[in-house]
Amino acid sequence: MVQGKPSGRLGRRGVLKAGAALGAIGAAQISSPFIVKALGEQPFKIGFVDPLTGSLSLLAVSEVQGAHYAVDEINKKGGIAGREVQLFVEDSANDVGTGVEKIRELIDKDHVDVTMGDVNSAIAYAISQVATEKGILHIVPGGHTDPITGKDCAWNVFRICNTTSMDANAISEILIKKFGKRWYFITPDYAYGHTLQAAFVKNLMKAGGTYEAELLPIANSDFSASLIRAKAYKPNVLLNNMGGLAQIDCMKQFVQFGMDKDMALGGALFEIESVLAVPPTAQAGWWDMEWWWDQPGVPYVKEFVTGIVDRYKKPCSARHWFGYVGIYSFKLAVEKAKSTKAIDLAHTLEGMELPPEIALQPGKVFYRAGDHELMPNIFAGEVHPPAANEPYNLFTVADLVPGDQAQPLAETGCHMTYPS
Amino acid sequence: MSGMARAQTQAPAAERPLLILAGIWVVLIAAPFWMPLVGGYTSLASRILVIGLAAMSLNFLIGFTGVVSFGHAAYFGLGVYGAGMILRYIAPSTPLAVIAGILLGGIVGSAVGALICRRRGIYFALVTIAFQEVFYYIAYKWDSVTGGFDGLRGFQRQPIHFGLFTLDIQKNDLAFYYFVLAVFAIVVGFMGFVLRSPFGRTLLAVRENERRARFLGIPVDRHIWLAFTISSFCIGAAGALYALLNNFADPSSLYTDLSGELVIMCVLGGMRSFWGPLLGAAVFEVLQDYISSQTVNWLFFIGLIFVLVVMFFPRGLLGVFRRRSAA
């Protein structure tokens, strides 16, 4: 039986202190509901899930920096519809289950108004589904796999980066013309890799080419066996579809094996974060950039690039732009719709054109109504070692391919439906 | 729990375990109401229950039979996929999904247990890891059925129809929490019942001195196999609930990391206590939830906490309380 008298460890003072603490907590709990805040006093909360640890962390960090940069700019100018913007960032650790848990935490605990994420296509795919289940507007800044805005498109999900098909279509013809039709793929074994390789293969088959391919785990680090097989196949081009640290490791080993003398390099994405991390001999090949910092004569680009470089002491990448556009898209939608309801925001974003200070590139950049995919330009060109005194001048743009042209709506497989 | 504690407690304090038990259930039943006051939320409470159930199931084997499995996430993950695939491919029925998860985890665990129950110590642990890797790679590579690395999407837990009324666990987080609590109660009640039975006492005998148990004529291998099987059925139930919690299944639910985390939870809470792993799971999940929102280096802190617990509280958190109350 529990004894009736207090134990020796808990004295009178202890009881008084505990009582005072409980009283204070209780008072705070009781008093808070009586304070009704005006809408303008309540912050506009944005939840952002990205793999800040793991093999894609380099890219994720840049996206989050771009988002923070936009949030600070917006708050300096009075916030979104007069409300201060708060950014809640959670690490998905490059793991799908963790990503799903994190977005639920943001929605259920932090009560965010809108959500963003993830660099990892599989996580982006899964958390978009959670956002749809919860009826929250969600923007995918940098997860490329096609079904997100293709066959599994949803009324509340928008995407900034290109689909894998758009990226593959923009560079395939260049690779075939420059190097030939015998290709070897090294591809990550998940959503992004599957759809990217399928898009390349489709284009290669149309041109009558041949290929061999290898599917490897997303965070693979030893490519020796795959590279030996690639060397034996004697392809014209090695398409390195890996991402982040895995792509960097693959490139380093490619150069160590002396394979840069035997075959060309190319593929969809070789982002500036990755290009900077490989030896100069691996800074080569023909690739897409989804946004490029060096655009002489295009308004507002220089100010944005200088701002990012000065603040973060690193090059301004497409990932910074993705994060930046994501945050501003919410602002544009809320202020135009005069609402924060997901359904109103989704209708407003459909077809919305980004103003030049956000688009930061020539031409019309807009969210395509039929699939909710942003239609920017794709910067196809050649990666090379940096020019003298210009450490970030690593890429020469050869062609600007409009997104709408790279993949017409009819090819996406999206049939958009709204909740009744 | 009460069985274990009761056996070690003297007659004048016989009612204490019942009071503690009642206290635990009051805390669990009231969790959705008090958790928001301390920064929690209902789905975190559900997650703690689910992971806590998984850790308690593993502890049935580690703490009460004395056999260490480092691959128990396999049967948890099979429970996840069992429930997910029923909802995705067969029928939109929550009870069917839960039963399928329990059966898939349990039956496979039973088969694996039959193969490995003669191994002991490090060899037993290594074989459990090997089998876990097998199931992980099946889930990872069988893209067309399991969704591969991307996971199995496109299913949702369904409301449960009771004839006169419907429990909407799909949209109502509170209703889902109580559904999880009900399944938790049934499974935990079953484990408690087994541990209080003569069979449960025999498991303790095997844990304490296997050779003596064998000399007494106890078929030790068969008992270990049965304990492995029961543990797998129970962790399969936790897996099925996890699929319903996330509306999602992915290979990380049967990966080595989760097995390790479950062992950490058992050690953290106290392996010799029935409720210890639930406390360990609660501490682990809450810390992970909080620290991961503060820093990207959250795994470092989780590891540090584990090291500190092993060094300074080798009997776990409940072990400390018990020692104090004994003093």
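Since this is a predicted model, take the numbers as computed values, not measurements. (Residues numbered from 1 in each chain as written. Chains lettered and ligands numbered in written order. Predicted model: local features only at pLDDT ≥ 70, side-chain atom pairs only at ≥ 80, totals over all residues.)

The next subject is the overall build of chain A. Looking only at helices and strands, chain A has 14 helices and 14 strands in total. In summary, chain A has a C-alpha radius of gyration of 24 Å against a globular reference of 22 Å for 420 residues, a match within 12%. The principal-axis extent of the C-alpha atoms belonging to chain A is close to 85 × 55 × 50 Å. Relative to its 420 residues, chain A shows a buried fraction of 52%. Look at the contacts in chain A between residues 6 or more apart in sequence, and 71% of them connect residues 24 or more apart. (Helix = DSSP H or I, 4+ residues; strand = E, 2+ residues; numbered from the N terminus. Rg over C-alpha atoms; globule rule 2.2 N^0.38 Å. Buried ≥ 20, exposed ≤ 12 C-beta atoms within 10 Å, placed from the backbone. Contact = placed C-beta atoms within 7 Å.)

All right, on to the overall build of chain B then. Broken down by element type, chain B carries 15 helices and 2 strands. Its C-alpha radius of gyration of 19 Å places chain B within 12% of the 20 Å reference for a compact globule of 327 residues. C-alpha extents for chain B along the principal axes are approximately 50 × 50 × 45 Å.

Residues and elements named next belong to chain A. Read across the open sheet, the 7 strands follow the order β7-β6-β8-β9-β10-β13-β14; overall the sheet is mixed. Two strands bound the open sheet, and with one partner strand each, they are β7 (210–216) and β14 (395–402). Recorded for the sheet is a direction-independent mean angle of 25° between the axes of neighbouring strands. Pairing of strand β6 (residues 182–188) with β7, which is carried by 7 bridges, proceeds in the parallel orientation. The residue of β7 that forms the bridge with Phe-185 is Ala-213. (Pairing = 2+ DSSP bridges. Axes fitted to C-alpha atoms, helices over the stretch in contact; angles between N-to-C directions.)

To continue, consider the packing of helix α4 (residues 73–90) of chain B against helix α5 (residues 94–116) of chain B. Residues and elements named next belong to chain B. In contact at an axis separation of 7 Å, α4 and α5 are set at 145° when each is read in the N-to-C sense. The handedness of the crossing between α4 and α5 comes out as right-handed. On α5, the residues touching Tyr-75, Phe-76, Leu-78, Gly-79, Val-80, Gly-82, Ala-83, Ile-86 and Leu-87 of α4 are Leu-96, Ala-97, Val-98, Ala-100, Gly-101, Ile-102, Leu-103, Leu-104, Gly-105, Val-108 and Gly-109. (Left-handed = near helix turned anticlockwise from the far one by under 90°.)

Buried accessible area, meaning the area lost when the parts come together, often serves as the stated size of an interface. Every contact between the two is made by 24 residues of chain A and, on the other side, 24 residues of chain B. Counting residues per element, the ones that place at least two in the side of chain A that touches chain B are β2 (85–91), α3 (96–108) and α4 (121–134) of chain A. For the side of chain A that touches chain B, the element with the most residues is α3(A), which contributes 6 residues. Looking at the side of chain A that touches chain B, its residues break down into 11 nonpolar, 4 polar and 9 charged. (Nonpolar A, V, L, I, M, F, W, Y, C, P; charged D, E, K, R; others polar.)

All names here are of chain A. In this fold, Gly-297 is placed in the loop between β10 (286–289) and α10 (301–312). The exposure class assigned to Gly-297 is exposed, which follows from the 7 C-beta atoms found within 10 Å. Along the sequence, Gly-297 and Gln-361 sit 64 residues apart, while their C-alpha atoms lie 9.7 Å from each other.

Bringing the pairing of β10(A) into the picture now. All names here are of chain A. Burial of the side chains of β10 extends over both faces: Trp-286 and Asp-288 are buried on one face and Trp-287 and Met-289 on the other. One ladder, built from 2 bridges, connects strand β9 (residues 264–269) with β10; its direction is parallel. Bridged to Gly-266 within β10 is Trp-286. Relative to strand β13 (residues 377–383), β10 runs antiparallel, the two sharing 4 bridges. Bridge pairing in β13 places Trp-287 opposite Gly-381.

Residue and element names in this part refer to chain B. The end-to-end C-alpha separation of helix α3 (residues 42–65) is 33 Å, in line with the 34 Å expected for 24 residues at 1.5 Å each. Approximately 40° is the largest bend angle found in α3, and it occurs at Asn-59. Within α3, 24 of the 24 residues are buried, which leaves it mostly tucked inside the rest of the structure. Following α3 by one or two positions, Gly-66 has its phi on the positive side, about 80°. (Expected span 1.5 Å × (residues − 1). Bend = angle between axes of the 7 residues up to and from the residue.)

This paragraph deals with the confidence of the model for chain A. Residues and elements named next belong to chain A. Overall, the predicted model of chain A reaches an average pLDDT of 88, with 90% of residues at or above 70. The low-confidence segment residues 1–8 (pLDDT under 50) makes 4 contacts with residues lying over four places distant or belonging to another chain. Ignoring residues within four places in sequence, the model shows residues 25–36, a span with pLDDT below 50, making 1 contact including any to other chains. (pLDDT = per-residue confidence, 0-100.)

We now examine the packing of α3(B) against helix α11 (residues 220–246) of chain B. The packing of two helices is summarised by the inter-axis angle and the distance between the axes. All names here are of chain B. Interaxial distance between α3 and α11 falls to 9 Å at its minimum, and their mutual angle equals 170°. Taken together, the axis directions place α3 and α11 in an arrangement best described as roughly antiparallel. Of the residues in α11, those in contact with Ser-46, Arg-47, Val-50, Leu-53, Ala-54, Ser-57, Leu-58, Phe-60, Leu-61 and Thr-65 of α3 are Ile-224, Ala-227, Phe-228, Ile-230, Ser-231, Cys-234, Ile-235, Ala-237, Ala-238, Leu-241, Tyr-242 and Leu-245. Split by residue class, the contact of α3 with α11 holds 17 nonpolar, 4 polar and 1 charged. (Parallel < 35°, antiparallel > 145°, perpendicular 65-115°, else oblique.)

Here the focus is the environment of Phe155(B). Residue and element names in this part refer to chain B. Note on placement: Phe-155 falls in the loop between α7 (143–146) and β1 (160–161). For Phe-155, a count of 21 C-beta atoms within 10 Å translates into the label buried. Distance from Phe-155 to Leu-244, taken between C-alpha atoms, is 9.0 Å for residues 89 residues apart in sequence. Excluding anything up to four places from it in sequence, Phe-155 contacts Gly-84, Leu-87, Arg-88 and Asn-247.

Glancing now at unusual backbone geometry. Residues and elements named next belong to chain A. The step from Gly-117 to Asp-118 runs through a cis peptide bond, and the omega angle for that step is 15°. Summarising the element assignment, Asp-118 is placed in the loop between β3 (114–116) and α4. Positioned with a positive phi, Lys-234 is a non-glycine residue whose angle comes to about 50°. Of note, Lys-234 is situated in the loop between α7 (224–233) and β8 (237–240). In this structure, Lys-313 is a non-glycine residue whose phi angle is positive, near 55°. Within the element layout of this structure, Lys-313 appears in the loop between α10 and α11 (318–337).

Now for the sheet that holds strand β4 (residues 137–140) of chain A. Residue and element names in this part refer to chain A. Read from one edge to the other, the open sheet built from 5 strands follows the order β2-β1-β3-β4-β5, with strand pairing classed as parallel. The open sheet has two free edges, formed respectively by β2 and β5 (157–159), since each of these has just one partner strand. Neighbour-to-neighbour, the strand axes of this sheet turn through a mean angle of 20°, independent of strand direction. Of the pairings in the sheet, the one linking β4 to β5 comprises 3 bridges and is parallel in character. For Val-140, the partnering residue across the bridge sits in β5 and is Arg-159. Sheet strands touched by helix α2 (residues 57–76): β1 (44–50) and β2. Its angle to β2, the strand with the most contacts, is close to 170°.

Residues and elements named next belong to chain A. On domain assignment, one finds that chain A holds domain 1 (41–162 + 296–376) and domain 2 (165–289). A straight line from the C-alpha centre of domain 1 to that of domain 2 covers 28 Å. Taken together, the contacts link 17 residues of domain 1 with 18 residues of domain 2. Looking at the side of domain 1 that touches domain 2, the elements with two or more residues in it are α2, α4 and α11. For the side of domain 1 that touches domain 2, the residue count by class is 7 nonpolar, 8 polar and 2 charged. (Domains from an automatic or database assignment.)

The subject of this paragraph is the environment of Phe60(B). All names here are of chain B. When you line up the elements, Phe-60 lands in helix α3. Looking at Phe-60, the number of C-beta atoms within 10 Å reads 24, which means it is buried. When the C-alpha positions of Phe-60 and Trp-25 are compared, they lie 20 Å apart, and in sequence the two are 35 residues distant. Every residue in contact with Phe-60, bar those within four places of it in the chain, is listed here: Met-191, Ala-227, Ile-230, Ser-231 and Cys-234.

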